[in-house]
Amino acid sequence: MVEACRHDVNSCGSALASAREPFIILTHSSCGIPLAGTARKGPARKGKNVLDFLGDLRRTHMCGALRPADAGQKAVLMGWVNRRRDLGSIIFVDLRDRTGVTQVVFSLELNAEVHDKAEELRNEYVIAAIGTVKKRDADTINPNIPTGEVELVADELRILNVSKQLPFLPSDAVLANEEMRLKYRYIDLRRDPMQFNIELRHKVSLAIRDYLSSQGFFEIETPFMTRSTPEGARDYLVPSRVQPGTFYALPQSPQLFKQILMISGFDKYFQIVRCFRDEDLRADRQPEFTQIDLEISYPQPERVWETVEGFLQAAFKAAGLEIQPNFPRMDYDDAIRQYGIDKPDLRLPALTEVRDCFAPADLEALAISKDLPVLAIRTPGVGELSRKERDDIKPLFISKGGARVFEDFKRIANKHPEAAEKITRKANVAPGDLIVLVVGSAQSGKDDHPAGKRKVTPAELAIYASAGLLRVALAQKYAGRHGIFKKTGDPAKDYRFLWVTNFPMFEYDEADRRWVAAHHPFTSPHEEDMDKLETDPAMVRALAYDVVLNGTELGSGSIRIHRQDIQRKIFHALGMTEEEARTRFGFFLEALEYGTPPHGGIALGLDRIVMILAGAESLREVIPFPKTAAAKDLMVEAPTPVAEGQLRELGIGVVVKR
Ligand code: ASP
């Protein structure tokens, strides 16, 4: 951080410079920090730090703009010294701004004074170069950059600012470690890939805004200082000074406000909005993240899906990709049975149910449950695995509900050749494909779970889920061998979208032995399932949907409850008393009573979409100022303790656990 020297500026000379005149930077001898100094006209003095004013000098071109057609023209470029090569009588400077780099030439022969001054340039100095555009000689053309056929021959140089020695350079080929990058984020953001990502983010947001606005959506802001919303993560709290002991919560989403906006007659709302959730972080989570949030009046789910497909098409187009609308749709139950997960990556082969390939005696010999799924995971093109490689599969397996894994298919083939033969055929196994089986244990008990009547029972779900996770883990481990995740250049193959629908309305919380809302408590049950709300909650489907891309959940939404009577039944099914519901959402329940139209919506993660479009590995690559996995901002050093007085004013005492 640049901080003013505490010493008296006036003791070092008075700053009388007029805007046009260059002036010498006086540095205080004890702290070395530049001070505004005495104005001085005339040529730069060798060995001195000389800074010039911008004055009324105007830039004529950005650094990525000049082309051979501009040869002969005068140009004024401004930017950072990306690289300087001093060949003695000629100094080359690659001048950089966000649009690119132009080579600037300072020649001793042509202009000794300017050449002299250019000797003082160092990495990341900020300069203005004024000169004439010249076509480069054929043998010095740089085909790697768009401005590579020209250079700017400088006849004037203004040094607008100096730079301390940097912890890393924006032009470094090897990336600094992430901690350094985040601490010096302003330097990191100067790097090409980061400039690209942030520009992409801008274009994507703009395309989404334009599209939604063209469809009659209004962008409406909702408060950040509000009260707890129903997403169910931990809240970030903001203490109130004027009402000591009370707190605002930062919104986990604008859920209730957007529903209120439908009650208020805005018909179609959207917002590209920050949401705050205090959750344990992973690579694809941030404590504050951005959602594309929308709500529509009188919708069927299909209306919401059309809208999302439309804005995703616009967003992808902004990144140069043509995607087709009408994403495939899949019931939650089918997603589980085919992929073992509710966000299937359609680029990879589905699971194959192979129980019928085994004779009952085989199942018994292998201690495999006769009632639970027997699932083959096929990972294409892995090739022969060594014993050690097969052993490495085991740690990837997360067993749920007693699920077991058979990672050595050859052993099954040796002992049960007929079954293996059938499995090979049923799962379309080609030479080089890896086959791993996930099964239930023979001793798995009967399913007397409250959700036992579901199409996919909890005991089955455990086996599917174990297989689903292993399927993805294997595909990731062997990505280098099967190459399925590599971009082909065909968006229809590279970006496999999917709507997953008809989720169960409730999940059973084993610890608390009660039903909880699978989405949030304002999600509408399926119209056909309303009568089961009280009698058979396990079988109630929600009018909820997720949009999935390549195994990532991009967003989720639902048709909402707009009727008081149904809302009451839902709270009842969730074991929430009228009293509790009123305390948490009273204002909203009251609003529902004043003529609420049917409505529904969705929210998609903007950060994730941009991350995928940028081909980035982490959300931090596409968020200008992200937090670390420990929820810290390393640049501003937040969070921090605050002054005792500030706490007193808020009526807060801090208890530090040791
Ligand atoms: N508010 C929900 C969420 O953030 C999305 C929605 O239902 O519209 O997950």
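It should be noted that the structure appears before, not after, this text.
Heads up: these notes are all about the structure in this document. Within any chain, residue numbers begin from 1 and follow the written order of that chain's sequence. A pLDDT threshold of at least 70 governs which residues receive local features in this predicted model, and a stricter bar of 80 or more applies before side-chain atom pairs are shown or counted, although totals over entire chains, interfaces and linings include all residues. Think of the side-chain values as coming from all heavy atoms in the structure, minus any hydrogens and water.

Moving on: empty space enclosed by the protein. Grid spacing is 1 Å over the protein atoms alone, the probe is 1.4 Å, and a cavity is where that probe fits but cannot get out, while a pocket is an open set with protein on both sides within 12 Å along at least five of seven lines and lining residues have an atom within 4 Å of a point. Grid points are joined across faces, edges and corners, and a volume is the space filled by probe spheres set on the points. Summed over the entire model, instances satisfying the criterion amount to two cavities of 30 Å³ or more. As for the largest cavity, its lining consists of Gln-564, Gln-567, Arg-568, Phe-571, Glu-578, Ala-581, Arg-582 and Leu-589. Only DSSP runs of H or I covering at least 4 residues are called helices, and only runs of E covering at least 2 are called strands; the numbering of each starts at the N terminus. Those elements that provide at least two residues to the lining of the largest cavity are helix 16 (564-573) and helix 17 (578-592). All amino acids are sorted into three groups, where Ala, Val, Leu, Ile, Met, Phe, Trp, Tyr, Cys and Pro are nonpolar, Asp, Glu, Lys and Arg are charged, and the leftover types, Gly among them, are polar. In terms of residue class, the lining of the largest cavity is built from three nonpolar, two polar and three charged. Taken as a whole, the second largest cavity spans an internal volume of roughly 40 Å³. Leu-182, Arg-185, Phe-625, Pro-626, Asp-633, Leu-634 and Met-635 are the residues that line the second largest cavity. Tallied by class, the residues present in the lining of the second largest cavity amount to five nonpolar, no polar and two charged.

This brings us to the sheet that holds strand 8 (residues 126-135). When DSSP finds two or more bridges between a pair of strands, those strands are recorded as paired. Strands sit in the order 5-6-7-9-8 around a closed barrel of five strands; the barrel is mixed. When strand polarity is set aside, the average angle formed by the axes of neighbouring strands in this sheet is 55°. Where helices are involved, their axes are fitted lines through C-alpha atoms of the stretch in contact, as for all axes, and angles between N-to-C directions lie from 0 to 180°.

Further remarks concern the sheet that holds strand 16 (residues 352-353). If you walk across this open sheet you meet the four strands as 16-17-19-18, and the pairing is antiparallel. Single-partner strands in this sheet number two, and they are strand 16 and strand 18 (404-406). As paired strands, strand 17 (residues 374-379) and strand 19 (residues 434-439) are joined by six bridges and run antiparallel to one another. Looking across to strand 19, one finds that Ile-377 is bridged to Val-436. Taken strand by strand, helix 12 (residues 458-477) contacts strand 16, strand 17, strand 18 and strand 19, and its axis lies near 10° from that of strand 17. Should any heavy atoms of two residues lie within 4.5 Å, those residues are considered in contact.

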